[in-house]
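# Understanding the architecture of this molecule
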Amino acid sequence: MSIGIKPLGARVIIEQVEVEKKTQSGIVLAGTTGEKPNFATVVAAGPGTEDEPMELKEGDRIVYAQYAGTPIKHNGVDYIIMQQRDILAVFED
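This structure is a prediction, so every number in the text was calculated from the model and none was measured.

Procedures and definitions
Residues numbered from 1 in each chain as written. Predicted model: local features only at pLDDT ≥ 70, side-chain atom pairs only at ≥ 80, totals over all residues. Heavy atoms only, no water. Salt bridge = Lys/Arg side-chain N within 4 Å of Asp/Glu carboxyl O. Helix = DSSP H or I, 4+ residues; strand = E, 2+ residues; numbered from the N terminus. Buried < 20%, exposed > 50% of the residue type's maximum accessible area, 1.4 Å probe, protein only. Contact = heavy atoms within 4.5 Å.

### Concerning the pattern of salt bridges
Side-chain pairs of opposite charge can arise where the charged atoms are in close proximity. In total, this model carries 3 salt bridges according to the counting rule given. The partner of arginine 85 in a salt bridge is glutamate 52, with the nearest N and O atoms 3.9 Å apart. With arginine 85 in the loop between strand E7 (77–83) and strand E8 (87–90) and glutamate 52 in the loop between strand E4 (39–45) and strand E5 (61–64), this pair connects stretches of sequence that are 33 residues apart. Between aspartate 60 and lysine 57 there is a salt bridge whose closest N-O contact spans 2.9 Å. Judged by its relative accessible area of 9%, aspartate 60 is buried. The class for lysine 57 is exposed, based on a relative accessible area of 53%.

### Things to note about the side chain of aspartate 60
Note on placement: aspartate 60 falls in the loop between E4 and E5. Other than its neighbours up to four places away in sequence, aspartate 60 contacts Ala40, Thr41, Val42, Glu55 and Val90.

Listed below in structure tokens is the structure:
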């Protein structure tokens, strides 16, 4: 899936994932804190560099550092461009 933006070097473009908050009884809670989750999906990955090979690929579900990246809007969709090193973990399920 090409989004029309190609990250350079060891950068990735991510799209945040909405996380539903539920109580133990299954009631879905509306987001009242205004904080965005730090979960996202990689939508594009750069080629990496000699010093930092790219370890991520399109479709990886990740957790990233809270204040990392630069938010952008492209074709009406919100994305974040960030360095690979700001990604803390990849989900392996």
